[in-house]
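One-letter residues, chain by chain:
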Amino acid sequence: MNLLPKSSKEFGSVDYWEKFFQQRGKKAFEWYGTYLELCGVLHKYIKPREKVLVIGCGNSELSEQLYDVGYRDIVNIDISEVVIKQMKECNATRRPQMSFLKMDMTQMEFPDASFQVVLDKGTLDAVLTDEEEKTLQQVDRMLAEVGRVLQVGGRYLCISLAQAHILKKAVGHFSREGWMVRVHQVANSQDQVLEAEPQFSLPVFAFIMTKFRPVPGSALQIFELCAQEQGKPVRLESAERLAEAVQERQQYAWLCSQLRRKARLGSVSLDLCDGDTGEPRYTLHVVDSPTVKPSRDNHFAIFIIPQGRETEWLFGMDEGRKQLAASAGFRRLITVALHRGQQYESMDHIQAELSARVMELAPAGMPSQQQVPFLSVGGDIGVRTVQHQDCSPLSGDYVIEDVQGDDKRYFRRLIFLSNRNVVQSEARLLKDVSHKAQKKRKKDRKKQRPADAEDLPAAPGQSIDKSYLCCEHHKAMIAGLALLRNPELLLEIPLALLVVGLGGGSLPLFVHDHFPKSCIDAVEIDPSMLEVATQWFGFSQSDRMKVHIADGLDYIASLAGGGEARPCYDVIMFDVDSKDPTLGMSCPPPAFVEQSFLQKVKSILTPEGMENKRWEREERRDH
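A quick note: this is a predicted structure, and the numbers were derived from the prediction, not measured. (Residues numbered from 1 in each chain as written. Predicted model: local features only at pLDDT ≥ 70, side-chain atom pairs only at ≥ 80, totals over all residues. Heavy atoms only, no water.)

> How should the packing of helix α16 (residues 552-560) against helix α17 (residues 595-603) be read in this particular structure?
In helix packing, the relevant descriptors are the interaxial angle and the interaxial distance, both defined with respect to the helix axes. One way to put it is that α16 packs onto α17 with a least axis distance of 9 Å and a crossing angle of 55 degrees. With respect to α17, the element α16 is oriented oblique. Of the two elements, α16 crosses α17, and the hand of that crossing is left-handed. Residues Leu 553, Ile 556, Ala 557 and Ala 560 of α16 lie in contact with α17, whose contacting residues are Phe 597, Lys 600, Val 601 and Ser 603. Of the residues that constitute the contact of α16 with α17, the class distribution is 6 nonpolar, 1 polar and 1 charged. (Axes fitted to C-alpha atoms, helices over the stretch in contact; angles between N-to-C directions. Helix = DSSP H or I, 4+ residues; strand = E, 2+ residues; numbered from the N terminus. Parallel < 35°, antiparallel > 145°, perpendicular 65-115°, else oblique. Left-handed = near helix turned anticlockwise from the far one by under 90°. Contact = heavy atoms within 4.5 Å. Nonpolar A, V, L, I, M, F, W, Y, C, P; charged D, E, K, R; others polar.)

> Just to check I follow, could you spell out the packing of aromatic side chains for this structure?
The relation between two aromatic rings is expressed through the spacing of the ring centres and the mutual angle of the planes. A complete count under the given rule lists 8 aromatic pairs for this structure. Plain terms: the ring middles of Tyr 156 and Phe 174 are 5.5 Å apart, the flat faces sit at 40 degrees to each other, and that makes the pair tilted. One end of the pair, Tyr 156, is in strand β5 (residues 150-160); the other, Phe 174, is in helix α7 (residues 164-176), and 18 residues separate them in sequence. You can call Tyr 156 buried: its relative accessible area is 0%. A relative accessible area of 1% means that Phe 174 is categorised as buried. Where Phe 574 meets Phe 597, the ring centres are 6.1 Å apart and the plane angle is 65 degrees; that geometry is what we call edge-to-face. Of the two residues, Phe 574 sits in strand β24 (residues 569-574) while Phe 597 sits in helix α17, which places them 23 residues apart along the sequence. The burial state of Phe 574 is the same as that of Phe 597; both residues are buried. By the ring-pair criterion, three or more aromatic residues cluster together here, those being Tyr 156, Phe 174 and Trp 179. Sitting over the ring of Phe 115, Lys 51 keeps its end group 5.4 Å from the ring centre. A cation sits over an aromatic face here: Arg 428 above Tyr 468, 3.8 Å from the ring centre. (Phe/Tyr/Trp six-rings, centres within 6.5 Å; stacked < 30°, edge-to-face > 60°. Buried < 20%, exposed > 50% of the residue type's maximum accessible area, 1.4 Å probe, protein only. Lys NZ or Arg CZ within 6 Å of the ring centre and 35° of its normal.)

> Help me understand the pattern of salt bridges in this model?
Note on pairing: side chains with opposite charge can pair once their charged atoms come close. Within the structure shown, the criterion is met by 22 salt bridges. Sharing partners across several salt bridges, the network here consists of Glu 310, Arg 340, Arg 384 and Glu 401. (Salt bridge = Lys/Arg side-chain N within 4 Å of Asp/Glu carboxyl O.)

> Can you help me understand helix α8 (residues 239-261) in this one?
Helix length check: α8 (23 residues) gives 33 Å between terminal C-alpha atoms against 33 Å at 1.5 Å per residue, within 8%. The set of residues buried in α8 consists of Leu 242, Ala 245, Val 246, Gln 250, Tyr 252, Ala 253, Leu 255, Cys 256, Ser 257, Gln 258 and Leu 259. (Expected span 1.5 Å × (residues − 1).)

> What should I look at first to understand the packing of helix α13 (residues 472-480) against helix α14 (residues 506-514) in this one?
Across the interface, α13 lies against α14 with an axial gap of 10 Å and an inter-helix angle of 35 degrees. Our pair here, α13 against α14, has a crossing hand that is right-handed. Seen from α13, the contacting residues are His 474, Met 477 and Ile 478; seen from α14, they are Ser 506, Leu 507, Phe 510 and Val 511. Looking at the contact of α13 with α14 residue by residue, the class counts come to 5 nonpolar, 2 polar and no charged.

> Before we go on, may I ask you to explain the environment of Glu 353 in this structure?
Mapping Glu 353 onto the fold places it in helix α11 (residues 347-358). Setting aside its immediate chain neighbours within four residues, Glu 353 contacts Arg 281 and Tyr 282. A polar contact is formed between the side chain of Glu 353 and the side chain of Arg 281, at a distance of 3.0 Å. (Polar contact = N/O pair within 3.5 Å; in protein donor to acceptor, adjacent residues only side chain to side chain.)

> Is there a simple way to explain the environment of Asp 390 in this structure?
Mapped onto the elements of the fold, Asp 390 is located in strand β17 (residues 384-392). Expressed as a C-alpha distance, the spacing of Asp 390 and Ser 528, which sit 138 residues apart in the sequence, is 9.4 Å. With residues up to four places along the chain from it excluded, the contact list for Asp 390 reads Gly 396, Asp 397 and Tyr 398.

Now the structure itself:
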């Protein structure tokens, strides 16, 4: 028996629904879920004593089940005379206080302000089948009537798939009327999805539009999203941002459905956000290992990356994560990175927080009662302390953070948030500079100072171990100096160096401290980085080391054009990165390896001099 329309436009036709209910008979037809699936959100927004109007009721059992749990003042309307007759016959004796009326919801016969709730389960979706003018006019009449029959403080509660054109129309209409707009995702809708087609799943949402008394001249608009039944609604700044947030949840539902159906989807990553603030809390990467043979216990595992270690190659790059998954021996491994700026109590707390959500990403064929192991390194969540956060006009937002490494030593890092998994600069802290030691020294200083003394900040740069190079490419650059001349003589003869790219200053600082006859010019395009290096990484200028704020390309071009008076360097080191991640090559930027520029570099080198570059491609980043 074919009950589906030839065209979606037929959903708005009286004749279609008459034929539909005649063919279907008395068997209930439930759009977007049953009472049990929707009761959480319905009970949250409808009080038992309120007067409720159900528009486009059809032969759904929703009104009957609401009546049976105490919602007695319910009026149901539908354009189909067939279904109204059926529902009257079914409920006349068992539910005498509930009424069923044949009525067009675009021309309702009720007086103004007759109801406290208008309940719509799929009716708006059925009517708003396209964005043609005739359809939009019909929907305008429908929504205007909903507003007319509702009391001030009343709610239009619409169960919908929240497709883009429907969300746009509903939110736009009621926000212009000065109503509060909230979109609430129905709980567990990942398990109760509408199968619109074999390979696609759509979550169910509830629109809760609350009627406010009109305020002349007021432009206040309220948009909220609630992702959980018991969760706190998140206030959003615009209708556009609300639409984006709904779309993100729809995309997540689609991703979950694909991951349940397919063994492999390639590289998949997503953020899980704090339900109260909307801020990213966890970043998940789904890694499938096709070479792992399935067995009873190796379907699925979760790997928690300790804080501060997400930048390591094994955890931060696709190839590293594939190696991790293969060595772990699971068909699907999900790595979980913890976001800076978020608070985490313990590994147990993280596991409890993630358990329900990550199960939505389980592979096809995994037994429903399978225990999923949580894995990690060292058994704890790691230590990360954000010491400073700021924004550079050139480099954008950045943070200075202290993290605990493998050997329990602490490291200070500079991270540009535009590429948050890449360590821009890193330095090891002195061994006795632990968090407890820092707190103790701060407490001791307070005891020793006069009562009226100001609370001066500690000098963060004084805790840096300047003798240690964290970055492998820095070690290679220093080793490359041995190619210049006899290594034993490097400590005894003058050495002129140009370092392009300061960052945290570790490279020029190491050369300055370990080669006593060296003279260093450092060039840095971003003045904010000189402040960072000085305040947080122990860098300081001297008579042998000067910093020039300039574009490295322009600085070298200027030197090369100086004629015979131009300076000559024994070594030129390039430690610069590209601000454009789409280029593929990260270090150095393409302009630094053009032939014309390399000729200028050669012109300011001594005859025995050497050029030392940091080479790095996006797919090989390992620090």
